[in-house]
Amino acid sequence: MWIRLGSLFGGRDSSTTKMVFIETPTNPMMAITDIRGVSALAHRGNARVVVDNTFMTPYLQRPLELDADIVVHSTTKYLNGHSDSVVALLC
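Residues numbered from 1 in each chain as written. Predicted model: local features only at pLDDT ≥ 70, side-chain atom pairs only at ≥ 80, totals over all residues. Heavy atoms only, no water.

Engineer: Before we go on, may I ask you to explain helix α1 (residues 35-44) in this structure?
Structural biologist: Because an α-helix completes one turn every 3.6 residues, residues spaced three or four positions apart along the sequence face the same direction. All of the buried residues along α1 are Ile35, Val38, Ser39 and Ala42. Across the axial projection of α1, the buried residues extend over an arc of 100°, all falling on one side. Along its buried surface, α1 packs onto β1 (19-23) and β2 (48-52). Where α1 begins, one side-chain oxygen reaches toward the backbone nitrogen of arginine 36, 3.3 Å away; that side chain belongs to aspartate 34. Following α1 by one or two positions, asparagine 46 adopts a phi angle in the positive range, close to 60°. (Buried < 20%, exposed > 50% of the residue type's maximum accessible area, 1.4 Å probe, protein only. Helix = DSSP H or I, 4+ residues; strand = E, 2+ residues; numbered from the N terminus. Arc of directions from axis to C-beta. Contact = heavy atoms within 4.5 Å. Polar contact = N/O pair within 3.5 Å; in protein donor to acceptor, adjacent residues only side chain to side chain.)

Engineer: Explain the pattern of salt bridges to me, please; I cannot follow it from the model alone.
Structural biologist: Where charged atoms of side chains with opposite charge meet at close range, the side chains can pair. Taken as a whole, this structure holds three salt bridges when the rule is applied. Close ionic contact of aspartate 67 with arginine 36 constitutes a salt bridge, the shortest N to O distance being 3.7 Å. One end of the pair, aspartate 67, is in the loop between α2 (57-60) and β3 (70-74); the other, arginine 36, is in helix α1, and 31 residues separate them in sequence. Note on aspartate 67: relative accessible area 40%, which makes it partly exposed. (Salt bridge = Lys/Arg side-chain N within 4 Å of Asp/Glu carboxyl O.)

Engineer: Hey, could you run me through the pairing of β2 in this one?
Structural biologist: Along a regular strand, successive side chains alternate from one face of the sheet to the other. Counting buried positions along β2 gives four out of five residues, so the element sits mostly inside the fold. Handedness of the crossover joining β1 and β2 through α1: right-handed. With three bridges joining them, β2 and β3 adopt parallel strand pairing. Residue valine 51 lies in a different strand from β3, and its bridge partner there is valine 71. (Right-handed = clockwise from strand over helix to strand, strands pointing away. Pairing = 2+ DSSP bridges.)

Function-wise, these values are silent; they only describe arrangement.
This is the structure we're talking about:
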């Protein structure tokens, strides 16, 4: 289900939302999401926040420090840099 961030848990039955998944920056538009802001809204509704951090890498962005609960990395892209490995990391 896709919803606007402004309506997240605003007047909705938040018990049905268990997880909020965000990718930042997004592919291919490179739009940035406020991880701390989304985390605050999601945690208010008792939902977990999962961040796909593929493009920023842990060197440039550390979502766990911005109150995300789970972070996903793809080493095939920027961590490895050569596309000669297929690995995913879950933090």
